Structure formats: C-alpha cells, structure tokens
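# Residue-level structure breakdown
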Amino acid sequence: GLTAANLFGLEESVIAAGGNMNACKWAMNPKGWAASRDLATVDSINAFWDGQLFDGFPAVATPNIAEGTATKGDIIFGDFGADLLVDPYSNAGTAQIALHLNKFYDCEVRQAGAFASITNVA
C-alpha cells in the first residue's frame, strides 16, 4: 500500500534532481487519488490532505494518467511549471475550485528528474 515513506521518497528524488520545489504539484489517476485519501486516516483526519493541498503541494486527479497494472493507482510528483492551473474564481458561485491540467503529447521532458512517480498503489 501507499506509505508516507513512498511519498517522501518522490519528493527527495525531485529535490536531488534539482526540481523547483516551489513549483511542484501532485497529479494522480483516480485510483491513486483514492489511495492518497486513505493514507494515514485516523478518526476521519488525514495528515496529508488540507483542502486541495497534499503534503503541502497542490494536487489534481485526472483520468488521463493510465492506471497501473491490475487497475491500481499511479501518483506523480514534480515541477509541472505552468501546466497545472488552480482557478478559485470561475466556479466560486458553487464553492468549487477548477483545476486545469494541460496535456502535451509526443514530446520529451526536458528535465526528467524533475518528476518522480509511484505506480500500482492501492
């Protein structure tokens, strides 16, 4: 299962690769999101989640991250730059925050070390 050590390991990898921690975010597929919600929950309090922040960084769930084997979750941590936009205004009338994750295809990551991932979490 997903552990705090797994998550801290992702952060450590990005730091070691020179990723900009001020720009880092989490991106998860639906099963990864569910696994993160179950992490360290005691008396309905999750030490990792605070609103839309996961371990202090913005987080987004998207079905555009393929599920791991056996339909388990995937979680990515990294410096997405301006590719994740948090919009607290557009849906303010419904008390919701809109998250926009830009998708780019057929391209290479310039600094692959700025991203770290876990696959097959449950």
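Anyway, here's the lowdown on the structure attached to this text. (Residues numbered from 1 in each chain as written. Predicted model: local features only at pLDDT ≥ 70, side-chain atom pairs only at ≥ 80, totals over all residues. Heavy atoms only, no water.)

## Describing the packing of aromatic side chains
Remark: the centre distance and the inter-plane angle together describe each pair of aromatic rings, the angle taken between the planes. Quick note on the threshold: Here a Phe, Tyr or Trp ring, Trp counted by its six-membered ring, pairs with any other such ring whose centre lies within 6.5 Å, and the pair is stacked when the planes are under 30 degrees apart, edge-to-face when over 60, and tilted otherwise. In this description a helix means any DSSP run of H or I spanning at least four residues, a strand means any run of E spanning at least two, and both kinds are numbered starting from the N terminus.
What the rule picks out here adds up to 7 aromatic pairs. Between Phe8 and Phe48 the ring centres are 5.9 Å apart and the planes differ by 40°, which places this aromatic pair in the tilted class. On the criterion of sequence distance, the pair formed by Phe8 in helix H1 (residues 4-16) and Phe48 in the loop between strand S3 (45-46) and strand S4 (49-50) is long-range, its members being 40 residues apart. When the ring of Trp26 is compared with that of Phe77, the centres are 4.5 Å apart and the planes differ by 45°; the resulting orientation is tilted. One end of the pair, Trp26, is in strand S1 (residues 24-28); the other, Phe77, is in strand S7 (residues 73-79), with 51 residues separating them in the sequence. Members of the aromatic cluster, joined through ring pairs, are Phe8, Trp26, Trp33, Phe48, Trp49, Phe54, Phe57 and Phe77.

All quantities given are derived from atomic positions and should not be read as evidence of function.
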